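# Chains, contacts and geometry: an overview
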Amino acid sequence: AGDSTMSRFPLLLFAASLLAAGDALLLAPGRSVAARPAAPRALATAAEKEGEEEGEDRLGAGGRGGHAVRNMPDLSEEEKAVQAAVMEHQRGAARLTMAEDARSLVAYSSGYAVLSTLSSQVDGYPNGALVGFAPDASGLPVFVFSAMSSHTKDLSKVGGQAALTVTAKGFEGAADGRVTLIGDVERVGKEQVEKEGLKELYRERHPNAFWVDFGDFTFYRMASLKAVNFVGGFARAAAPSPDEYLSAEVDPIQAFAAPVMGHMNDDHAESTVAMVMHYVGLPDVEAAQLVALDRLGFMVQVTRQGQTFKLRLPFPRAAADRKDVKSLIVEMTQAAYKDESVQAHLAALAKPEESAAAAGA
């Protein structure tokens, strides 16, 4: 709540993203609110405790599991019922495990990340550097460092304790995913580089990395993993154990997610609106854009009553490949279009567009 970047996002995006953590917070439309950090438990006043108890069953801001928000209006009984249904749906919506999400984020990232090391210049202080990397078969990063780089000197002079912070491809801010891998980074000998094909591994991720053959560049890798910190967006965070991370599978569907989502968003956005309304049970959806795809379903950015937020739209079953994803989308779209309430809403949305087209003719 103290992050200044929060002001850049519609508050409902922040609130509804909490659905991914199992407890939801949906704001009443049309209100501008400010989030505040929760008071430390030991310092909470009696009044705050009383307020927390009163908010236990609230479906609006300040409810169980959410960030406290001041001066929120009461919701109508109808809207409370809608939010309760959406919250229940989201709690049961199929998702990748946090470890799978973390492994997949690293696998499909840009291949660049921030490496933090113990500084060899200033004793006791950290150093940070943007570096290229390629994940190996276990999801641990492999690097190629110049002998002149400050982080290389840190690793050789101070020690290999390091942390690598990897952001999701297309990262723009706090609503997007990131993973921090904490462990020991060690130099890799030439024989091991050849034996394990580390040059080929690195060039597969960075085809133009001609420097891997230079004599003053050396291969390093995170040889042991001590901890993992994963943030999948607002209020979706976890610390999978090193064993959970290393044993997790990379989601295969994300390899072709971008073109599938681009096609749906450009040519079939109405179908996404229909699916959200039918399967999630959220009425009055004005627009819906797919923003993430994995074998278990979609993340959808929804616009409703002037607010924008994200919801999980799961598949009826896990997708095995690209053909299966297409079949599932067709199946879900067909079912959604049979819903009379969806039909009526889509017809109402189309009327302003038809009027505008007629006026421009």
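Above this text you will find the structure in question.
Residues numbered from 1 in each chain as written. Predicted model: local features only at pLDDT ≥ 70, side-chain atom pairs only at ≥ 80, totals over all residues. Heavy atoms only, no water.

For helix α9 (residues 257-267), every residue scored as buried is listed here: Ala257, Val260, Met261, Met264 and Asn265. The arc enclosing the buried residues of α9, seen along the axis, measures out at 125 degrees, which places them on a common side. More than 90 degrees from the buried face of α9, the exposed residues found are Ala258, Asp266 and Asp267. (Buried < 20%, exposed > 50% of the residue type's maximum accessible area, 1.4 Å probe, protein only. Helix = DSSP H or I, 4+ residues; strand = E, 2+ residues; numbered from the N terminus. Arc of directions from axis to C-beta.)

Within the largest apolar cluster, 34 residues are counted, with the highest numbers of intra-cluster contacts made by Val276, Leu282, Leu293 and Val325. Put simply, the parts of the chain that give this core at least two residues each are α3 (77-92), α9, α10 (269-280), β9 (285-294), β10 (297-304), β11 (307-314), α11 (322-337) and α12 (340-360). Per-element accounting of this core gives the leading share, 6 residues, to α10. In this structure, leucine 282 is in contact with Val82, Val86, Val276, Met277, Val302, Arg304, Phe309 and Leu311, ignoring residues within four places of it in sequence. Membership of the second largest hydrophobic core comes to 25 residues, among which are Phe145, Ala162, Val166 and Phe230. (Core = buried A, V, L, I, M, F, W, Y, C linked by side-chain atoms within 4.5 Å. Contact = heavy atoms within 4.5 Å.)

With that settled, the discussion passes to the pattern of salt bridges. Evaluation of the coordinates by the stated rule reveals 14 salt bridges. Between arginine 304 and glutamate 79 there is a salt bridge; the shortest N-O distance is 3.0 Å. Taken as a pair, arginine 304 in strand β10 and glutamate 79 in helix α3 lie far apart in primary sequence, 225 residues in all. Residue arginine 304 is classed as buried on the basis of its relative accessible area of 7%. Assessed through its relative accessible area of 13%, glutamate 79 is described here as buried. Between aspartate 213 and arginine 203 there is a salt bridge, with its nearest N and O atoms 2.4 Å apart. On the criterion of sequence distance, the pair formed by aspartate 213 in the loop between α7 (198-205) and β7 (217-233) and arginine 203 in helix α7 is long-range, its members being 10 residues apart. (Salt bridge = Lys/Arg side-chain N within 4 Å of Asp/Glu carboxyl O.)

Further remarks concern the packing of aromatic side chains. Scanning all chains against the criterion turns up 7 aromatic pairs. A ring pair is formed by phenylalanine 145 and tyrosine 220, whose centres lie 5.4 Å apart and whose planes are at 35 degrees; its orientation type is tilted. Residue phenylalanine 145 is found in strand β4 (residues 141-146), and its partner tyrosine 220 is found in strand β7; the two are separated by 75 residues along the sequence. Relative to phenylalanine 315, the ring of phenylalanine 298 has its centre 5.2 Å away and its plane inclined at 75 degrees; by these criteria the two rings are edge-to-face. Taken together, the residues span a long stretch of sequence, with phenylalanine 298 in strand β10 and phenylalanine 315 in the loop between β11 and α11 at a distance of 17 residues. (Phe/Tyr/Trp six-rings, centres within 6.5 Å; stacked < 30°, edge-to-face > 60°.)

Of the two faces of strand β1 (residues 112-118), the one lined by Ala113, Leu115 and Thr117 is fully buried and the one lined by Tyr112, Val114, Ser116 and Leu118 carries no buried residue. Judged from the 7 bridges that link them, β1 and strand β2 (residues 126-132) form a sheet pairing that is antiparallel. If you follow leucine 115 over to β2, its bridge partner there is alanine 129. As paired elements, β1 and strand β5 (residues 161-167) share 4 bridges and run antiparallel to each other. Residue pairing for β5: leucine 115 is matched across the bridge by leucine 164. (Pairing = 2+ DSSP bridges.)

Treat this as a map of the structure, not an account of what it does.
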